[in-house]
Amino acid sequence: MSVQQSAESGESGGAGEREVAGDGRAAAGAGTGTAVTQGADAGATAGTGAVAGASAKTDEAAERPRKKRPFWQELPILLVIALLLSLGIKTFFVQAFSIPSGSMEQTLAIGDRVLVDKFTPWFGAEPERGEVVVFRDPGGWLEGTSTASGDSVTGTVQKVLSTVGLMPSADEKDLIKRVIAVGGDTVDCEAGAPLKVNGVALDEPYLFPGSTPCDNDPVGTVTVPKGKLWVMGDHRNNSRDSRWHHNEGGDGFVPVDNVVGRAFVVAWPVSDWSTLPVPDTFDKVPAGAAGAAGAAAAAGAGAAAGVGAEPAWVAAWVTGVTSVPGL
């Protein structure tokens, strides 16, 4: 009895010891696992803290305003860009010209500023009858005409600004007139009669009141050579145009290559603002004998080659501050 009890007691004690030992190992294992878990949590916490710190720095940098240049540093750059744009526009597209004389009254008054299309000629378009054009002096048309500025300081400023198209030039050798006839046309300019082009009398409502078509400078019958223009002022009694230079021993013609561009609008002053369309009377003028012969030859050559004539809109794709003496 005592032995059995002892054995049972021993077994119980052993089992208890084993359980205690097992519990100890379990506890130890649990403790070790807890330690590992805590270590991982600490690493994750540290990583999160680093990311949070980096994010905070990024947000701070983003919120920090970008440092701007002082205005005095940006101003020269803006001025250079503006001048380059103005120079490019003046050179290739549109230029302003001032009217210093009365030869184109009443269409253009003294002091008017007109915009001249310089873009179209780049595509080979040539002046047409009725257009108001600016052209370079064909030779001797501006002799004896003073174009210099009276004040040296003002003249220097004007020259600088006119270079970039911001002000009229005082010494440009340009003129402005209306194209009356082109190469191949025949002009009849007789005293006491209306002006005729290719046999058609022109109705000229644009003439200055009281002006006569040709009375003060009649030239009779003139045929315009190919590549040349016959030009006249709208104030016929106050215009040294093709008539005057023809009578003075020159031919009076203007080479097409001398044309700077077509004036298409009066831009200043605002009270004089108007467009400069081609008068309807020129729509009734047929092609001149030379022009008609050339057109017929071109049409014949195109038909022989099996090619149609070029559409009219191709040639007229696009219809542009300098002083233009309007003598």
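Up top is the structure.
A. Representation of the nonpolar core. Counting residues in each nonpolar core, the largest one holds 18 residues, and the members touching the most others are Ile180, Val187, Cys189, Leu195, Leu202, Trp230 and Met232. Elements represented by at least two residues in this core include exactly β4 (174-182), β5 (186-189) and β9 (228-232). Contact partners of leucine 195, with chain neighbours within four places excluded, come to Ile180, Val187, Asp188, Cys189, Val200, Ala201, Leu202, Glu204, Pro213, Cys214, Met232 and Arg236. Counting 13 residues, the second largest nonpolar core, distinct from the first, contains Val114, Val260, Val266 and Leu276.

B. Molecular detail of the pairing of strand β11 (residues 259-268). Counted residue by residue, β11 has seven buried out of 10 residues, so it is predominantly covered. Where strand β3 (residues 132-136) lies against β11, three bridges are found, and the strand directions are antiparallel. Residue pairing for β11: valine 134 is matched across the bridge by glycine 261. The sheet contact formed by β11 and strand β12 (residues 274-275) spans two bridges and is antiparallel. The partner of valine 266 across the bridge, within β12, is serine 274. Where β11 folds back on β12, the antiparallel hairpin that results is connected by five residues.

C. Spotlight on the side chain of asparagine 198. Looking at where asparagine 198 falls in the secondary structure, it is placed in the loop between β6 (196-197) and β7 (200-201). Ignoring sequence-local partners within four residues, the contact set of asparagine 198 consists of Arg129, Gly184, Asp185, Thr186, Val285, Pro286, Ala287 and Gly288.

D. Spatial organisation of the pairing of β9. Taking burial as the measure, the five residues of β9 include four buried ones, the bulk of the element. Here β4 pairs with β9 via four bridges, running antiparallel. The residue bridging valine 179 from the neighbouring strand is valine 231, located in β9. Bridge count between β9 and strand β10 (residues 254-255): two bridges; the pairing is antiparallel. Note that in β10 the partner of leucine 229 across the bridge is valine 254.

E. Structural detail: the packing of aromatic side chains. Applying the stated criterion across every chain yields a total of three aromatic pairs. Plain terms: the ring middles of phenylalanine 135 and tryptophan 141 are 5.7 Å apart, the flat faces sit at 90 degrees to each other, and that makes the pair edge-to-face. According to the relative accessible area criterion, phenylalanine 135 is buried, its value standing at 0%. Note that arginine 178 overlies the ring of tyrosine 206, its terminal NZ or CZ placed 4.1 Å from the centroid.

F. Looking closely at unusual backbone geometry. With an omega of 10 degrees, the peptide bond running from glutamate 105 to glutamine 106 counts as cis. Counting through the fold element by element, glutamine 106 comes out in the loop between β1 (94-98) and β2 (113-117). The step from tryptophan 268 to proline 269 runs through a cis peptide bond, and the omega angle for that step is 0 degrees. Checked against the element boundaries, proline 269 lands in the loop between β11 and β12.

G. Quick peek at the side chain of serine 242. As for its placement among the helices and strands, serine 242 is situated in helix α4 (residues 242-247). Judged by its relative accessible area of 0%, serine 242 falls in the buried class. Within the structure, the side chain of serine 242 is placed 2.6 Å from the backbone oxygen of glycine 252, a separation counted as a polar contact. Excluding residues that lie within four positions of it along the chain, serine 242 makes contacts with Trp141, Leu229, Trp230, Val231 and Gly252.

H. Spotlight on the environment of alanine 191. Here alanine 191 is to be found in the loop between β5 and β6. Given the relative accessible area of 47%, alanine 191 is considered partly exposed. Considering only alpha carbons, one finds alanine 191 and aspartate 215, 24 residues apart in sequence, at a separation of 4.2 Å. When neighbours within four sequence positions are excluded, alanine 191 is seen to be in contact with Asp215 and Pro218.

I. Fine view of a nonpolar patch on the surface. Taken together, the side chains of Phe71, Leu75 and Leu79 present a nonpolar region at the surface, about 300 Å² in accessible area. For leucine 79, the position within the fold is in helix α2 (residues 71-92).

J. Up close: the environment of alanine 109. Along the polypeptide, alanine 109 turns up in the loop between β1 and β2. Each C-alpha atom of the pair alanine 109 and isoleucine 99 lies 6.9 Å from the other, and the pair is 10 residues apart in sequence. In contact with alanine 109, not counting residues within four places along its chain, are Ile99 and Asp272.

K. Here's a closer look at the sheet that holds β6. If you trace the four strands from one edge of the open sheet to the other, you get β7-β6-β5-β8, paired in antiparallel fashion. Single-partner strands in this sheet number two, and they are β7 and β8 (220-223). As defined by bridge partners, β5 adjoins β8 across four bridges and the pair is classed as antiparallel. By the bridge assignment, valine 187 is partnered in β8 with valine 222.

L. Molecular detail of the pattern of salt bridges. Evaluation of the coordinates by the stated rule reveals five salt bridges. Among the ionic pairs, aspartate 234 bridges to arginine 178, the shortest N-O distance being 2.8 Å. One end of the pair, aspartate 234, is in the loop between β9 and α4; the other, arginine 178, is in strand β4, with 56 residues separating them in the sequence. The pair aspartate 234 / arginine 178 is uniform in exposure class, with both members buried. For arginine 243, the salt bridge goes to aspartate 241, with nearest N and O atoms at 3.0 Å. Each member of the pair, arginine 243 as well as aspartate 241, is classed as buried.

Calculation rules
Residues numbered from 1 in each chain as written. Predicted model: local features only at pLDDT ≥ 70, side-chain atom pairs only at ≥ 80, totals over all residues. Heavy atoms only, no water. Core = buried A, V, L, I, M, F, W, Y, C linked by side-chain atoms within 4.5 Å. Buried < 20%, exposed > 50% of the residue type's maximum accessible area, 1.4 Å probe, protein only. Helix = DSSP H or I, 4+ residues; strand = E, 2+ residues; numbered from the N terminus. Contact = heavy atoms within 4.5 Å. Pairing = 2+ DSSP bridges. Phe/Tyr/Trp six-rings, centres within 6.5 Å; stacked < 30°, edge-to-face > 60°. Lys NZ or Arg CZ within 6 Å of the ring centre and 35° of its normal. Polar contact = N/O pair within 3.5 Å; in protein donor to acceptor, adjacent residues only side chain to side chain. Patch = residues over 30% accessible without salt bridge, like charges linked within 9 Å, V, L, I, M, F, W, Y side chains within 5 Å. Areas by Shrake-Rupley, 256 points an atom, 1.4 Å probe, with all protein chains shown as cover. Salt bridge = Lys/Arg side-chain N within 4 Å of Asp/Glu carboxyl O.

No statement about biological role is implied by the geometric values presented.
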